[in-house]
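# Analysis of the macromolecular model
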Amino acid sequence: MTVHFIGAGPGAPDLITVRGLRLIERCPVCLYAGSLVPQEVVKAAPDSARVIDTAPMTLDEIIAEIEAAHERGEDVARVHSGDPSLYGAIAEQIRRLEALEISYDITPGVPAFAAAAAALKLELTIPEVCQTVILTRTAMKSSSMPAGEELSTLGRSGATLAIHLSVRNIPHIQRELTPLDAYGADCPAIIAYRVGWEDEAFIRTTLGELHRAARQAKLTRTALIFVGKALGATEFIDSRLYDAGHVHVLRPKRKA
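Here is a short report on the structure shown in this document. (Residues numbered from 1 in each chain as written. Predicted model: local features only at pLDDT ≥ 70, side-chain atom pairs only at ≥ 80, totals over all residues. Heavy atoms only, no water.)

This part takes up the packing of helix α3 (residues 59-72) against helix α4 (residues 90-99). Two numbers describe how α3 lies on α4: the axes approach to 11 Å, and their chain directions differ by 45°. Between α3 and α4, the interaxial angle falls into the category oblique. Our pair here, α3 against α4, has a crossing hand that is right-handed. Each of L59, D60, I62, I63 and I66 in α3 lies in contact with α4, whose residues at this interface are E92, Q93, R96 and L97. Across the contact of α3 with α4, the residue classes break down as 5 nonpolar, 1 polar and 3 charged. (Axes fitted to C-alpha atoms, helices over the stretch in contact; angles between N-to-C directions. Helix = DSSP H or I, 4+ residues; strand = E, 2+ residues; numbered from the N terminus. Parallel < 35°, antiparallel > 145°, perpendicular 65-115°, else oblique. Left-handed = near helix turned anticlockwise from the far one by under 90°. Contact = heavy atoms within 4.5 Å. Nonpolar A, V, L, I, M, F, W, Y, C, P; charged D, E, K, R; others polar.)

See below:
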């Protein structure tokens, strides 16, 4: 018996991996985060499968379902949104499974930041503008941020920031980032709402106008915030990857 943690992707049913879908199709138990995983994904479970929405459940209740499946010798598809390695709350489940000596594996999924960049037709790393992407969040009702991971600290890098779980904390984001030279009030910002779902929406704005834009759109949840100069870059050099003068092992120097 194995618990398969599966990343379902950001919302579009066809963005789940082939491996993840095949696991759901064969597992007799499917536990999924119903608030964020589309019904079309879990409909792939066998007709006889025990399919449970874990959104209203506690960790103890989820583990109890897994223990019961373990006693029956039934594999479990534990389906999370996006990629389970990012804000997926799998670490606490894994700790319980290891204590119970229940085997598990993890199938990655398309993370929301990557799906948003694709929908926006953006590259988040632009030569000589930004070569770093930081995935982070701000502290609200969830656990506090560790020391040294404040936005004002991370922002000194000038990286493209993908800020999760923070659409109701935008004034804090503005206070932390606006004074920094790498950003400022005119820095491009994007709100990505329900990426991959039928009602997905993208709001292009600036750091200084971010709060007003979110309020005007009445966004209070399920949104990802991007901030960074790469989002609006148009004047930049070509990368050396395909430069005719850049020689490497797969494109050696040509004879005259």
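Text resumes after the structure shown.
Attention now moves to the pattern of salt bridges. Going through the model one piece at a time under the given rule, you end up with 7 salt bridges. In this structure, R22 engages E25 in a salt bridge whose closest nitrogen and oxygen atoms are separated by 3.3 Å. Of the two residues, R22 and E25 both sit in helix α1 (residues 18-26), 3 residues apart, roughly one turn of that helix. For D75, the salt bridge is made with R26, and the minimal N-O distance between the two is 3.1 Å. One end of the pair, D75, is in the loop between α3 and β4 (76-80); the other, R26, is in helix α1, with 49 residues separating them in the sequence. Residue classification places D75 among the buried positions, given a relative accessible area of 17%. What makes R26 partly exposed here is its relative accessible area of 48%. (Salt bridge = Lys/Arg side-chain N within 4 Å of Asp/Glu carboxyl O. Buried < 20%, exposed > 50% of the residue type's maximum accessible area, 1.4 Å probe, protein only.)

The next point concerns the side chain of T138. With respect to the helices and strands, the residue T138 is situated in the loop between β6 (133-137) and α6 (151-154). Of the polar contacts made by the side chain of T138, one reaches the side chain of S166; its length is 2.8 Å. Polar side-chain contacts of T138 include one of 2.9 Å to the side chain of N169. The residues contacting T138, other than those within four sequence positions of it, are M145, L151, I163, H164, S166, N169, H172 and I173. (Polar contact = N/O pair within 3.5 Å; in protein donor to acceptor, adjacent residues only side chain to side chain.)

Reading across from one edge, β6-β7-β10-β8-β9 is the order of the 5 strands in this open sheet, with mixed pairing throughout. The sheet is open, and its two borders are formed by β6 and β9 (201-206), each paired with just one other strand. Strand-to-strand, the axes of this sheet are offset by a mean angle of 20°, without reference to chain direction. Where β6 lies against strand β7 (residues 160-164), 5 bridges are found, and the strand directions are parallel. (Pairing = 2+ DSSP bridges.)

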